[in-house]
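Reading the structure
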Amino acid sequence: MELIKTIEQLRTELQAGVVVEHTTIPVYLVALYSLRGDANARVRDVIHHVLMEEMLHLTLVANLINAIGGKPNLCQKTLMVPFPAPLLPGNNFKVNLSAFSKSTVHDFLQIEKPAPAADQPKGKGRRTIGDFYDCMRDSLKLLHEQHGDTLFSAPSNPQVTGKFYYGPGEIVPVTNLETALFALKTIRDQGEGDSHTIWEREPNYRFKGSLEPAHYYRFKQLLDERSWRLHDDPAKLPTGPGVTVSWNDVYPMKRNPKIEHYDGELKEGALKFNKRYGELLCLLNETFNGKPEKMGVAIPMMSQLRDLAIAVIRQPYPGKKGFNAGPTFEPVDQPCGCSALAKGAVAVK
Amino acid sequence: MNTQYDFDVVIVGAGVAGLIMAKQILEDAGNFRVLVLEAGGERSKSFEGHREYLKNFFEALIKIPNSPYPAEFYAPHPNELETKLLNKNDPAAELQYVLQNGPQPFRTTYTRSLGGTVQHWLGTCLRLRPSDLKMRTTYGRGLDWPLTYEELMPYYRKAEFEIGVAGDVDEQKLDGFKFEDGYVYPMEGIPKSYVDSELERRLNGHTFTYAGTTQKPRVTASPQGRNGIPNPKYKDENKNQYVPLGAVGRGDLGLRCEGNSSCVPICPAQAKYTPVKTLNKIDIPEYADRFSILYNSVATKLHIEKESGNIESLEYKKYGRGSISTKQVTAKVYILAAHAVENAKLLLNSSCKNDLIGRNLMDHPFVLTWGLSDWNAGTFRGPAVTSTITSLCDLPTRKDLSACRIEISNWGWNWATGSPYAEVDEFLGQGLHGQKLREALKNNISRQIEFNFLTEQLPDKDNRVTIDENFRDELELPRPKLHYQLGEYERAGLIEAKKVSDQIFKSAGVTDCTKYDKKDPGYFEFGQSNAVFYGAGHIGGTHIMGLNANDSVVDKDQRSHDHRNLFAIGSGSFPTMGTSNPTLTIAALSFRSAEAVLRQLKQANPWN
Amino acid sequence: MNDKSVQKFLQLSSVLTGFSLFELRASDCTEEFYETTQRQIGRENLEAFLANFADTTQADIDVSLANSFLGPIAKNIIRMWYVGNWVAMPDEWWAAHSSEIFAANSTFVVSSQAYKEGLVWKAADTHPMGSKSGGFGSWALPPAETK
Ligand SMILES: Cc1cc2nc3c(=O)[nH]c(=O)nc-3n(C[C@H](O)[C@H](O)[C@H](O)COP(=O)(O)OP(=O)(O)OC[C@H]3O[C@@H](n4cnc5c(N)ncnc54)[C@H](O)[C@@H]3O)c2cc1C
Ligand code: SF4
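Residues numbered from 1 in each chain as written. Chains lettered and ligands numbered in written order. Predicted model: local features only at pLDDT ≥ 70, side-chain atom pairs only at ≥ 80, totals over all residues. Heavy atoms only, no water.

**Notes on a nonpolar patch on the surface**
All names here are of chain B.
- On the surface, a nonpolar cluster with roughly 280 Å² of combined accessible area is contributed by Leu61, Ile62 and Leu81.
- Examined against the element boundaries, leucine 61 turns out to sit in the loop between helix H2 (47-58) and helix H3 (92-95).
- For leucine 61, a relative accessible area of 36% corresponds to the partly exposed category. (Patch = residues over 30% accessible without salt bridge, like charges linked within 9 Å, V, L, I, M, F, W, Y side chains within 5 Å. Areas by Shrake-Rupley, 256 points an atom, 1.4 Å probe, with all protein chains shown as cover. Salt bridge = Lys/Arg side-chain N within 4 Å of Asp/Glu carboxyl O. Helix = DSSP H or I, 4+ residues; strand = E, 2+ residues; numbered from the N terminus. Buried < 20%, exposed > 50% of the residue type's maximum accessible area, 1.4 Å probe, protein only.)

Next comes the structure, spelled out in structure tokens:
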């Protein structure tokens, strides 16, 4: 990827980061909620942990955009798209809403595919999220060389702190090059890692016994039904203790379900979910655009959404015997709660 | 006395008292060697074990505090349903591990496995009030502590750090507590529940009469040992900010209370403090060669050297599948942290002489009152209790009747009636079904208001733990037998509670529904009135601290007056109970006593 | 398992509990409750019970609840949906109808899932104690609007 030359362009490009991080969230949520009963406790943990980190990444990218004077855009009108949805602009890899299965985990691996390590030649393959963040990092450094600390001197710089976030990793307010690079590094290390190492390297990780593999390798454990040992070779199979995965204890949700197929209470439920989800995004938009305290309200909303999604995923799919319905995450025709704010926000390409 | 010791310190019991003690000794530069003996198993050490406990809870018919934590065959523990009195011709009374000699039942419980009773605590972390420590001087009742609030202050801070307390110092100050200037709790206060704030709003401007005085209802948020928002103003001893500790074995979980509403008996998220979090700080490679913890190892007897009275060795029984072996261990200093009843059992079984051992058994006996609000209270959300009405904690009336602290239940009538189960049965019994049943339940449950009036019980020598040779546990040890009764002072306090409740309910738009059942084991009458009392699980006394062997069992360092290399720690050392839950003070005393233990270890002749 | 009977069981459960089919399916307990009922009262009794509700009008239900054979079964099914517990059948019922039953007449929690999905919590606009938490601070907010 070519380096970015202007601050304005960097703001716009980083918005793509917001889109990428957000796009993964419905995908992981649906897989998580498709798990049935207690048999897949470990799988649940793995997906849940990754999800929390995706939300962390979303926050970090938003903080970074604010730090360089941009406005992150999380409005439902921008972020809610029909599935299958492209993961990265300019890349034809699309992600699906689908129940947990081997092929779904293969999709996850595609999403989290590690970039070649720094000392390896860049492959010709598709652009990975890792490539994207590497480019952001290098561009940021370059622009900092040119502009110095004025890069971070945005008059209003509303940072979201860790006050309302509780999960793995740490939300850092971004105020200078150091914190900006730290934020990017956290995203990069937790997510894709690189093909040299299995483990996420997070300098501030202080929880005993919680050295975790990066997302790609974490999902790989599910496919291989085996966990990584400390000195395992990332190119080979994990050699640690077995991981119980019960592939059948899953609600057989139809891939990329559509609300147009629903009726009655199912339709009502699914619609309510989409509306609430849209409201949540607008609320987050406000959170990231000057009202960080709104995060406190967003959290109970997430719990409600969880219960709604699970209710929907446990219903039969109308007219498709053997399949279950699921939340559709389709855009809803409702006024957005943050239009005033969204005006100034960066449009997606 | 021999000079070759197996360890520098042996600690009996891996609960909060014992593990804080172990941590303090290990972290000292003296490189001391520590052994902890734990009677129960180690399930709580792993995340899988925690999940097993959680499943036990979900699948238990009666979800009492010990329901997630099955008793070990060789290390039994009581539960609060075991209230049958001996001598009532009920053979079941003899089967209860803790024997109830009456005249009233001691309605309480503790847990014998790694983490101890704190595993199912609620997490309320109040300090004791300065006057609580001076009951004799101030109110002519009970006893004075040999320690003052000022002496305890620095240790309260350590305890608040270790447990990870979320609270609001300013609100505590308004409530009469003193703190060092600029001090804040490690985490910001846990939000008050909707029930709390609504009551507070509705009671604003109202007064009530209590024992001839006029009082204002003061709704105060309780400091709590559960993870909240770290307070950016907090600085620990090394000037660092507070970092919450997550779930055992899964540090990314439990970083904040999620409102699971099951703190007693188990916090699914492990946002609530458990002593296993303290264990994790010392169960690390750096200490591997000088720290051991043995599970399924029940301390049974102290061997006392005749002349000096010092402890020579400790006998314990290690049990496994179908095997029991008796072992001895020697140390410079022995520390009993097995909790009040078990500490007494061990001391009595070791033929320690002090007649006060086992005496002054106390609790916070409480009564419940309950009613239906004429507003939607949104019950069964959040931790069991987030605020208490503190107006009656420290009034001059303490010279006449016991003080009390009124906990506001966030879980409706859960403790009073067993809600929501009882209500489902009741409405089904009335023939309700379908939409009507659903609405009736909604209407009832979301308006349930319940108050728990926790009262201070005074030390009474006749309330005591003894051991009975005729009844033995699975290791052939004589079992503990409790002699227990509420005095006039406590009864008066408990009865007054109902009168207060009636007035507060009225002011807040709540219709009283309280009914006391004559057949309940806690039923009692006083004057014209009656009530049912419960036990809070705040067991105190049994080896109270004081000035000398005539008035107490241990000194202010919790060291035995008679056996200078023996410490008995925990709420067993409390001479009085105040109205605050005991654990924060237990923790503070452990920090304080650890300094005394360390001083002793560093002496040339540590057993003098 | 007879799919038709299960569907009948589900429909009847909806009338008995006052929760819609959508809401009951959201619990994902139908099969487990059907099996539990069948095990605890016997196949024949369950078939007889279901057959009794040809069309489930309100009047039918009222009559059935008062019936000494149907009533205790209906109440047990309601209770199971509401709190996740199966409760031993009354002695008289057991004495009269248990000849074909192999299970012991006992009281138990059907499963963790049955507990967590108890309708009583939904009826009261809250979540089961120990699961489906509302998130930090949710308890400070006013209760959800009832629909
Ligand atoms: C339902 C309930 C709610 C509570 N809520 C609160 C609250 O909100 N706030 C509060 O401050 N307090 C609360 N408490 C009280 C609190 O739990 C106790 O004060 C606290 O657990 C005492 O700590 P401890 O370490 O002294 O004893 P314990 O926690 O009981 O630990 C003692 C340990 O010693 C072990 N042991 C026992 N005998 C032997 C032996 N012979 N050999 C080896 N090991 C042995 C046990 O297995 C156990 O691990 C509550 C109690 C109950 C029951
Ligand atoms: S409310 Fe829930 S998360 Fe919070 S401490 Fe209690 S059990 Fe734990």
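Next comes the rest of the write-up.
**Observations regarding the pattern of salt bridges**
Residue and element names in this part refer to chain B.
- One pass over the full model with this rule turns up 62 salt bridges over all chains.
- A salt bridge links aspartate 512 to lysine 498; its shortest N-O distance comes to 3.2 Å. Taken together, the residues span a long stretch of sequence, with aspartate 512 in strand S18 (residues 510-512) and lysine 498 in helix H13 (residues 488-508) at a distance of 14 residues.
- Each of the salt bridges in this network shares a partner with another, and the network as a whole consists of Asp555, Asp557, Arg559, Arg564, Arg592 and Arg599.

**Focus: the side chain of aspartate 232 of chain A**
All names here are of chain A.
- Position of aspartate 232 relative to the elements: it lies in the loop between helix H7 (215-224) and helix H8 (264-288).
- Buried and unpaired, aspartate 232 has no salt bridge, with arginine 229 as the nearest side chain of opposite charge at 4.9 Å.
- Within polar-contact distance, the side chain of aspartate 232 engages the backbone nitrogen of arginine 229 at 2.8 Å.
- Within polar-contact distance, the side chain of aspartate 232 engages the side chain of threonine 239 at 2.7 Å.
- Those residues in contact with aspartate 232, other than ones at most four positions away along the chain, are Ile198, Ser227, Leu237, Pro238, Thr239 and Gly240. (Lys, Arg positive; Asp, Glu negative; His and termini not counted. Polar contact = N/O pair within 3.5 Å; in protein donor to acceptor, adjacent residues only side chain to side chain. Contact = heavy atoms within 4.5 Å.)

**Details of the interface of chain C and chain B**
- Of the residues lining the interface, 48 residues belong to chain C; the matching set on chain B comes to 48 residues.
- Buried surface at the junction of chain C and chain B, both sides included, amounts to about 3800 Å², of which 66% is carbon and sulfur.
- Counting the surface chain C buries against chain B, the share from its top three residues, Met129, Phe136 and Trp139 of chain C, is 22%.
- The tally of links between chain C and chain B comes to three salt bridges.
- The tally of links between chain C and chain B comes to 18 residue pairs in polar contact (both at pLDDT 80 or more).
- At five residues, the largest contribution of residues to the side of chain C that touches chain B is made by helix H6 (residues 70-83) of chain C.
- Classifying every residue of the side of chain C that touches chain B gives 23 nonpolar, 17 polar and eight charged. (Buried area = accessible area lost by both parts, 1.4 Å probe. Nonpolar A, V, L, I, M, F, W, Y, C, P; charged D, E, K, R; others polar.)

**Structural notes on the site of ligand 2**
- As a structural note, the neighbourhood of ligand 2 is formed by Arg226, Cys257, Glu258, Gly259, Asn260, Ser261, Ser262, Cys263, Cys267, Pro268, Gly382 and Pro383 of chain B.
- Looking at side-chain class alone, the shell around ligand 2 contains five nonpolar, five polar and two charged residues. (Near = heavy atom within 4 Å.)

**Brief notes about the site of ligand 1**
Residues and elements named next belong to chain B.
- Taken together, 37 residues surround ligand 1, and among them Glu38, Thr117, Thr124, Ala299 and Thr583 come closest.
- Threonine 583 places a polar side-chain atom, nitrogen or oxygen, 2.7 Å from a nitrogen atom of ligand 1.
- Bound to the protein, ligand 1 loses 97% of the 1000 Å² it would expose on its own.
- Mapped onto the shell around ligand 1, the elements with two or more residues apiece are helix H1 (16-27), strand S8 (297-304) and helix H14 (583-602).
- Here the shell around ligand 1 gets three residues from one element, more than from any other, and that element is S8.

**Section: the domain arrangement of chain B**
Residue and element names in this part refer to chain B.
- The domains assigned to chain B are domain 1 (1-171 + 265-363 + 460-485 + 539-608) and domain 2 (190-223 + 366-456 + 487-532).
- Computed from C-alpha atoms alone, the centre-to-centre distance between domain 1 and domain 2 is 31 Å.
- The partner domain 2 presents 33 residues to the 28 residues of domain 1 that form the contact.
- Across the domain 1 to domain 2 interface the summed buried area is about 2200 Å²; carbon plus sulfur atoms make up 50%.
- Together, Tyr139, Glu171 and Thr579 form the three largest contributors to the area buried by domain 1 at its contact with domain 2, with a combined 26%.
- Lysine 192 is the partner of glutamate 171 in a salt bridge, and the nearest nitrogen-oxygen pair spans 3.1 Å.
- Between the two partners, domain 1 and domain 2, sit twelve residue pairs in polar contact (both at pLDDT 80 or more). (Domains from an automatic or database assignment.)

**As for the interface of chain A and chain B**
- Taken together, the contacts link 16 residues of chain A with 16 residues of chain B.
- The contact between chain A and chain B buries some 1300 Å² in all, and 54% of this surface belongs to carbon and sulfur atoms.
- Counting every contact that joins chain A to chain B gives two salt bridges.
- The salt bridge involving aspartate 45 of chain A is made with arginine 250 of chain B; its shortest N-O contact spans 2.8 Å.
- Each residue belonging to the side of chain A that touches chain B can be placed in one class, and the counts come to seven nonpolar, five polar and four charged.

**Brief notes about the packing of aromatic side chains**
- Enumeration according to the criterion identifies 39 aromatic pairs over all chains in this entry.
- Both rings, one in phenylalanine 132 of chain A and one in tyrosine 133 of chain A, keep their centres 5.0 Å apart while their planes meet at 75°; by these two values the pair is edge-to-face. The exposure classification of phenylalanine 132 of chain A matches that of tyrosine 133 of chain A, with both residues buried.
- Taking 5.8 Å as the distance between ring centres and 75° as the angle between the ring planes, the aromatic pair formed by phenylalanine 19 of chain C and tyrosine 82 of chain C counts as edge-to-face. Residue phenylalanine 19 of chain C is found in the loop between helix H1 (3-17) and helix H2 (21-25), and its partner tyrosine 82 of chain C is found in helix H6; the two are separated by 63 residues along the sequence.
- Relative accessible area serves as the criterion here: at 0%, tyrosine 82 of chain C is assigned to the buried category.
- A network of ring pairs unites the aromatic residues Phe57, Phe58 and Phe380 of chain B together with Tyr115 and Trp121 of chain C as a single cluster.
- In this arrangement the basic side chain of lysine 63 of chain B is found over the ring face of tyrosine 115 of chain C, its NZ or CZ atom lying 4.3 Å from the centre.
- The ring of phenylalanine 47 of chain B carries the charged tip of arginine 250 of chain B above its face, separated from the ring centre by 5.5 Å. (Phe/Tyr/Trp six-rings, centres within 6.5 Å; stacked < 30°, edge-to-face > 60°. Lys NZ or Arg CZ within 6 Å of the ring centre and 35° of its normal.)

**Some details on the sheet that holds strand S7 (residues 291-294) of chain B**
Residue and element names in this part refer to chain B.
- Read across the open sheet, the five strands follow the order S7-S2-S1-S11-S21; overall the sheet is parallel. The open sheet is flanked by S7 and strand S21 (566-568), the only strands paired with a single partner. In this sheet, adjacent strand axes meet at a mean angle of 15° when their direction is disregarded.
- In terms of strand pairing, strand S11 (residues 331-336) meets S21 through three bridges, oriented parallel. From the neighbouring strand, isoleucine 335 faces S21, where its bridge partner is phenylalanine 567. (Pairing = 2+ DSSP bridges. Axes fitted to C-alpha atoms, helices over the stretch in contact; angles between N-to-C directions.)

**Digging into the sheet that holds strand S3 (residues 99-103) of chain B**
Residue and element names in this part refer to chain B.
- Strand order across the open sheet formed by three strands is S3-S17-S16, with mixed pairing between neighbours. What marks the edges here is a single partner per strand, and that holds for S3 and strand S16 (464-472). Direction aside, the axes of adjacent strands within the sheet are offset by 30° on average.
- Sheet topology note: the S16/strand S17 (residues 478-484) ladder contains six bridges and is antiparallel. Bridge pairing links arginine 464 to histidine 483 in S17.
- Packing against the sheet, helix H9 (residues 340-349) makes contact with S16 and S17, and its axis sits at approximately 65° to S16.

**Let's talk about the packing of helix H1 (residues 7-33) of chain A against helix H5 (residues 129-147) of chain A**
Residues and elements named next belong to chain A.
- Interaxial distance between H1 and H5 falls to 11 Å at its minimum, and their mutual angle equals 155°. Of the possible angle classes, the one that applies to H1 and H5 is roughly antiparallel. As for the relative orientation of H1 and H5, their crossing is left-handed in sense. Every residue of H5 that contacts H1 at Ile7, Leu10, Glu13, Leu14, Ala16, Gly17, Val20 and Glu21 is listed here: Ile129, Phe132, Tyr133, Met136, Ser139, Leu140, Leu143 and His147.
- Counted by class, the contact of H1 with H5 contains eleven nonpolar, three polar and two charged residues. (Parallel < 35°, antiparallel > 145°, perpendicular 65-115°, else oblique. Left-handed = near helix turned anticlockwise from the far one by under 90°.)

**Describing the confidence of the model for chain A**
All names here are of chain A.
- Confidence in the prediction for chain A averages 85 pLDDT; 87% of positions are at 70 or higher.
- Looking over chain A, one finds the lowest element-wise mean pLDDT in helix H10 (residues 339-342), namely 46, and the highest in H8, namely 95.
- For the stretch residues 202-209, pLDDT sits under 50, and the model shows 20 contacts to residues farther than four places along the chain or on other chains.
- Across residues 340-349, confidence stays below pLDDT 50; counting only partners more than four residues off in sequence or on other chains, it has 18 contacts. (pLDDT = per-residue confidence, 0-100.)

**Overview of the side chain of glutamate 54 of chain A**
- Inspection of the secondary structure assignment puts glutamate 54 of chain A in helix H2 (residues 41-67).
- Buried and unpaired, glutamate 54 of chain A has arginine 218 of chain A as its nearest opposite-charge partner, separated by 8.8 Å.

**Quick notes on unusual backbone geometry**
- The linkage connecting phenylalanine 83 of chain A with the following residue, proline 84 of chain A, adopts the cis geometry, with an omega of 0°.
- Within the fold, proline 84 of chain A resides in the loop between helix H3 (76-79) and strand S1 (85-86).
- Going from valine 264 of chain B to proline 265 of chain B, the amide bond is cis rather than trans, its omega being 15°.
- Within the secondary structure layout, proline 265 of chain B lies in the loop between strand S6 (219-221) and helix H8 (275-282).
- One non-glycine residue with positive phi stands out, namely asparagine 31 of chain B, at about 55°.

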